[in-house]
Amino acid sequence: MLLASVRTTIFCSCRHVNRGFQQSNRNPQLRQWLVKRSQSTITAEVGATSVPAAATVPNAATNRILGRWLLGCSGLVVGAVVLGGVTRLTESGLSMVDWHLVREMKPPQTQAEWEAEFAKYQQFPEFKIMNHDMTLPEFKFIFFMEWGHRMWGRLVGLAYVLPTVYFWKKGYFNRSMKGKVLGLCGFVFFQGLLGWYMVKSGLEEKPESYDIPRVSQYRLSAHLGSALLLYCASLWTGLTLLLPVHKMAETKSILQLRRFAKGTGGLVFLTALSGAFVAGLDAGLVYNSFPKMGERWIPDDLLAFSPALKNVFENPTTVQFDHRILAVSSLTAITGLYMFSRRMMLPKRAKIAISLLTAMAYGQVALGISTLLLYVPTPLAATHQSGSVALLSLAIWVLAELRKMPK
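## Side note on a positive patch on the surface
A surface patch of like charges, here positive, comprises Lys 252, Arg 259, Lys 262 and Lys 404. Inspection of the secondary structure puts Lys 252 in helix α9 (residues 252-280).

## Overview of the packing of helix α3 (residues 60-89) against helix α8 (residues 217-242)
Two elements in contact, α3 and α8, have axes whose closest approach is 8 Å; the angle formed by their N-to-C orientations is 155 degrees. Looking at the two axes, α3 sits roughly antiparallel to α8. With respect to the hand of their crossing, α3 and α8 are arranged in left-handed fashion. The residues of α8 that touch α3, namely those facing Asn 63, Arg 64, Leu 66, Gly 67, Arg 68, Leu 70, Leu 71, Ser 74, Val 77, Val 78, Val 81 and Arg 88, are Leu 220, Leu 224, Ala 227, Leu 230, Tyr 231, Ser 234, Leu 235, Thr 237, Gly 238, Leu 239, Leu 241 and Leu 242. Partitioning the contact of α3 with α8 into residue classes produces 15 nonpolar, six polar and three charged.

## A look at the pattern of salt bridges
Throughout the structure, instances matching the rule amount to 12 salt bridges. For Glu 146, the salt bridge is made with Arg 150, and the minimal N-O distance between the two is 2.9 Å. Of this pair, Glu 146 and Arg 150 both sit in helix α6 (residues 136-170), four residues apart, roughly one helical turn. In this structure Arg 150 comes out as buried when scored by relative accessible area, which is 8%. In this structure, the salt-bridge partner of Glu 401 is Arg 349, at a minimum N-O distance of 2.8 Å. Remark: Arg 349 occurs in helix α12 (residues 348-373) and Glu 401 occurs in helix α13 (residues 378-401); sequence separation between them is 52 residues. The class for Arg 349 is partly exposed, based on a relative accessible area of 27%. Via salt bridges that share partners, Glu 104, Glu 146, Arg 150 and Arg 154 belong to a single interconnected network.

## Thoughts on helix α4 (residues 111-121)
If you check which residues of α4 are buried, you get Trp 114, Glu 117, Phe 118 and Tyr 121. Down the axis of α4, the buried set is contained in an arc of 100 degrees. They therefore lie on one face. Contacts made by the buried residues of α4 are with α5 (125-130) and α6.

## Focus on the nonpolar core
Counting residues in each nonpolar core, the largest one holds 54 residues, and the members touching the most others are Leu 66, Trp 69, Tyr 160, Leu 346, Leu 357 and Leu 402. Every element with two or more residues in this core is listed here: α3, α6, α7 (175-203), α8, α9, α11 (316-341), α12 and α13. With residues up to four places along the chain from it excluded, the contact list for Leu 346 reads Met 248, Ile 254, Leu 257, Ser 341, Lys 351, Ile 354 and Leu 402. Judged by nonpolar contacts, the second largest core, of 12 residues, contains Trp 114, Met 134, Leu 136 and Ile 142.

## Quick notes on the side chain of Thr 318
Residue position: Thr 318 is located in helix α11. In contact with Thr 318, not counting residues within four places along its chain, are Leu 302, Asn 311 and Val 312.

## Side note on a nonpolar patch on the surface
Judged by side-chain polarity, Tyr 218, Leu 309, Val 312 and Phe 313 come together as a nonpolar surface patch covering roughly 350 Å² of accessible area. Element by element, the count of residues in the nonpolar patch is highest for helix α10 (residues 309-314), at three residues. By secondary structure assignment, the location of Phe 313 is in helix α10. The exposure class of Phe 313 is partly exposed, given its relative accessible area of 31%.

About the criteria used
- Residues numbered from 1 in each chain as written.
- Predicted model: local features only at pLDDT ≥ 70, side-chain atom pairs only at ≥ 80, totals over all residues.
- Heavy atoms only, no water.
- Patch = residues over 30% accessible without salt bridge, like charges linked within 9 Å, V, L, I, M, F, W, Y side chains within 5 Å.
- Areas by Shrake-Rupley, 256 points an atom, 1.4 Å probe, with all protein chains shown as cover.
- Salt bridge = Lys/Arg side-chain N within 4 Å of Asp/Glu carboxyl O.
- Lys, Arg positive; Asp, Glu negative; His and termini not counted.
- Charge placed at Lys NZ, Arg CZ, Asp CG, Glu CD.
- Helix = DSSP H or I, 4+ residues; strand = E, 2+ residues; numbered from the N terminus.
- Axes fitted to C-alpha atoms, helices over the stretch in contact; angles between N-to-C directions.
- Parallel < 35°, antiparallel > 145°, perpendicular 65-115°, else oblique.
- Left-handed = near helix turned anticlockwise from the far one by under 90°.
- Contact = heavy atoms within 4.5 Å.
- Nonpolar A, V, L, I, M, F, W, Y, C, P; charged D, E, K, R; others polar.
- Buried < 20%, exposed > 50% of the residue type's maximum accessible area, 1.4 Å probe, protein only.
- Arc of directions from axis to C-beta.
- Core = buried A, V, L, I, M, F, W, Y, C linked by side-chain atoms within 4.5 Å.

In structure tokens, the structure reads:
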């Protein structure tokens with residue numbers, strides 16, 4: 001391309017010079033002027049074509065684009081978490097007994113295909129023990145719940161991977177961002193595999209168990225925990241790209257507030273994760289009273305399993321008790337964070353974030369108590385699960401507002 005443009009320029013210039021020579025044979029001064037002019041034109045045009053176009057480099061504009069993209073991705077992850085919670089509450093998660101990355105994207109279309117899919121479901125424990133009188137229309141409902149959750153997961157994967165390829169080619173990522181987005185994309189694939197690994201635990205025959213078929217609470221917690229980590233990482237990275245760092249003096253109070261906020265955020269995350277064990281064991285149906293559990297503050301069957309550590313993860317009473325303790329601890333920590341922050345001068349956005357976090361904490365506790373007292377109705381339980389993600393989001397916003405100035 002470069003040689004062709006140079007060749008064309010020289011050829012046109014030579015024609016122009018020859019024409020000038022023919023018209024100015026009788027004027028030597030004019031001939032010299034034409035030669036110099038042609039040479040300077042060729043030099044200028046060759047120099048202009050040899051300078052490469054400036055490559056796109058990360059800047060404020062590209063950071064805004066990346067920040068909005070990651071916030072959008074984090075929103076899709078929230079949708080997956082909420083839809084997964086509804087799928088769990090409607091006991092739809094074991095309706096699809098196969099996992100295929102592409103083939104299952106098309107649901108059954110004909111009556112024969114639906115009957116074949118239903119026949120496969122009938123071979124597994126959930127149908128044999130719980131749903132042996134289920135009709136085909138009822139199966140279609142739980143099938144579409146799980147199918148929608150899986151398709152949403154694929155949408156999340158595409159929302160991460162395709163823009164990553166595009167932005168990488170455009171040069172929007174610096175070295176640090178390249179590592180981050182590769183980690184996020186890898187985590188999306190891991191999340192999908194972990195979801196199928198979780199479902200498999202509910203499809204296994206367990207002759208020694210008389211319990212209703214359900215997925216392993218350990219795998220459910222791992223699946224939810226990895227989704228929350230993906231969400232937190234995406235939201236944090238997006239906010240740090242969009243929100244300018246506040247210029248705050250690194251006083252002792254600010255350092256203490258920052259550490260306090262980090263500890264509080266970790267406690268909120270742990271409380272949300274403990275909710276997966278509550279859901280996995282249906283522990284919300286064990287003691288439906290508050291603040292006491294039945295007639296006692298500490299129930300008799302709190303340590304009914306042996307060894308004692310087994311109660312923390314497998315005893316529904318202990319799991320509900322732990323979730324209550326973590327929820328109250330989170331509320332106390334957030335209230336303390338709010339009170340401590342009122343004693344110092346903070347930027348306006350940071351004050352708003354802490355205030356919203358505090359208000360959401362009290363609302364989330366009210367939702368949890370209502371869900372418990374009303375014996376876990378599906379709409380209220382789904383709202384409570386969504387509230388945990390909202391609370392975690394506000395905690396991350398607070399941390400983003402209080403972060404240090406980069407060196």
